[in-house]
Amino acid sequence: MSLHIALLRGVNAAGGRLITADELTGLLTDLGHTEIRMGPKLGDLVFESGERTGAELQTQIETELMARLGLRTDVYVRTAEAWRALVAANPFPDFAAADPGWLMTLFCKDTPDKKAMGALRAAIRGNEQARAESRQIYAIYPDGLGGSKLTTSLVEKTLGSRITGRTWTAVLALAEMLEPI
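Residues numbered from 1 in each chain as written. Predicted model: local features only at pLDDT ≥ 70, side-chain atom pairs only at ≥ 80, totals over all residues. Heavy atoms only, no water.

Considerations on the overall build of the protein
The criterion, for reference: Working definition: helices are DSSP H or I runs of at least four residues, strands are E runs of at least two. Numbering for both runs from the N terminus. Atoms counted for the radius of gyration: C-alpha only. Globule rule: 2.2 Å times residue count to the power 0.38. Categorising residues by exposure relies on relative accessible area from a 1.4 Å probe, with only protein chains included: less than 20% of the type maximum marks a residue as buried, more than 50% marks it as exposed, and the intermediate range marks it as partly exposed. Only the protein chains shown count as cover for residues, with accessible areas throughout obtained via the Shrake-Rupley method and a probe of 1.4 Å. In this tally, Lys and Arg are treated as positive and Asp and Glu as negative; His is ignored, and so are the chain termini. In this description, the location of a charge corresponds to atom NZ of lysine, CZ of arginine, CG of aspartate or CD of glutamate.
Within the protein, the regular secondary structure consists of seven helices and eight strands. Here the C-alpha radius of gyration of the protein, 16 Å, is about what a compact globule of 181 residues would show, namely 16 Å. Projected onto its principal axes, the C-alpha coordinates of the protein cover approximately 45 × 35 × 25 Å. Counting across all 181 residues of the protein, residues that qualify as buried make up 45%. Carbon and sulfur atoms provide 52% of the accessible area of the protein, an area that totals close to 9000 Å². For the protein, the distance from the average position of its 20 positive side-chain charges to the average position of its 22 negative side-chain charges is 8 Å.

Some points on the pairing of strand 8 (residues 164-167)
Definition in use: Pairing between strands is defined by DSSP: at least two bridges between them are needed.
Side chains of strand 8 alternate between two faces, with Thr164 and Arg166 buried and Gly165 and Thr167 left unburied. Two elements, strand 5 (residues 103-107) and strand 8, share four bridges in a ladder whose sense is antiparallel. Bridging from a neighbouring strand, Met104 pairs with Thr167 of strand 8.

A few points about the packing of aromatic side chains
Stated formally: Pairs were defined over the aromatic rings of Phe, Tyr and Trp, the Trp ring being its six-membered one, requiring ring centres within 6.5 Å. Orientation was assigned from the angle between planes: stacked under 30 degrees, edge-to-face over 60, tilted for the rest. Note on geometry: a ring has a charge over it if NZ (lysine) or CZ (arginine) is within 6 Å of the ring centre and within 35 degrees of the ring normal.
By the definition in use, this model includes two aromatic pairs. Here the basic side chain of Lys109 rests over the ring of Tyr76, its NZ or CZ set 5.4 Å away from the ring centre.

What to know about the sheet that holds strand 7 (residues 136-140)
Filter applied, for reference: Note on geometry: axes are C-alpha line fits, over the in-contact stretch for helices, and angles between N-to-C directions span 0 to 180 degrees. By definition in these notes, contact holds between two residues if any of their heavy atoms fall within 4.5 Å.
Reading across from one edge, 6-7-5-8 is the order of the four strands in this open sheet, with antiparallel pairing throughout. On the outer flanks of this sheet lie strand 6 (129-133) and strand 8, each paired with one strand and no other. Geometrically, the sheet is characterised by an average inter-axis angle of 25° between neighbouring strands, direction not taken into account. With five bridges joining them, strand 6 and strand 7 adopt antiparallel strand pairing. Bridge pairing in strand 7 places Ala132 opposite Ile137. The sheet strands contacting helix 7 (residues 168-177) are strand 5, strand 7 and strand 8, and the helix crosses strand 8 at an angle near 85°.

Right, here's the structure in full:
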């Protein structure tokens, strides 16, 4: 068994069916996963799984969310080791220490293309910065998120793929859930 984190995109967003924590944990239990815990946000799950890889888990959970709960969403899965590595790879450690709520980690299913990341950085019109490391993009918002032009839609359009984001505070909270109780 190995420990994983699954991030569901846009759970309980406006206009969709409301999903409960019990439904999500029940679904993972039915799929044979164990030690399931909810993260700081509904749709952030920590669980143990058998032999499936991250990509297989993503597909399995996405398929079952649609089949059982009528929820069409993207799922981003990382192993505990990958999660610890993404925390260590943060290219903005000073900013994270000073203002962790304005550092976002944007999760991708695949490693962003270098050319697309160059185009994304060129499209930034404010003080924001974005750097890719593995399957994550770290973005800082020194002036806050509200008026920023570095939006999810800009990132997705530039990269040509969907993402989900978590604040650094949430990333660290999930990292703490990986430690033995």
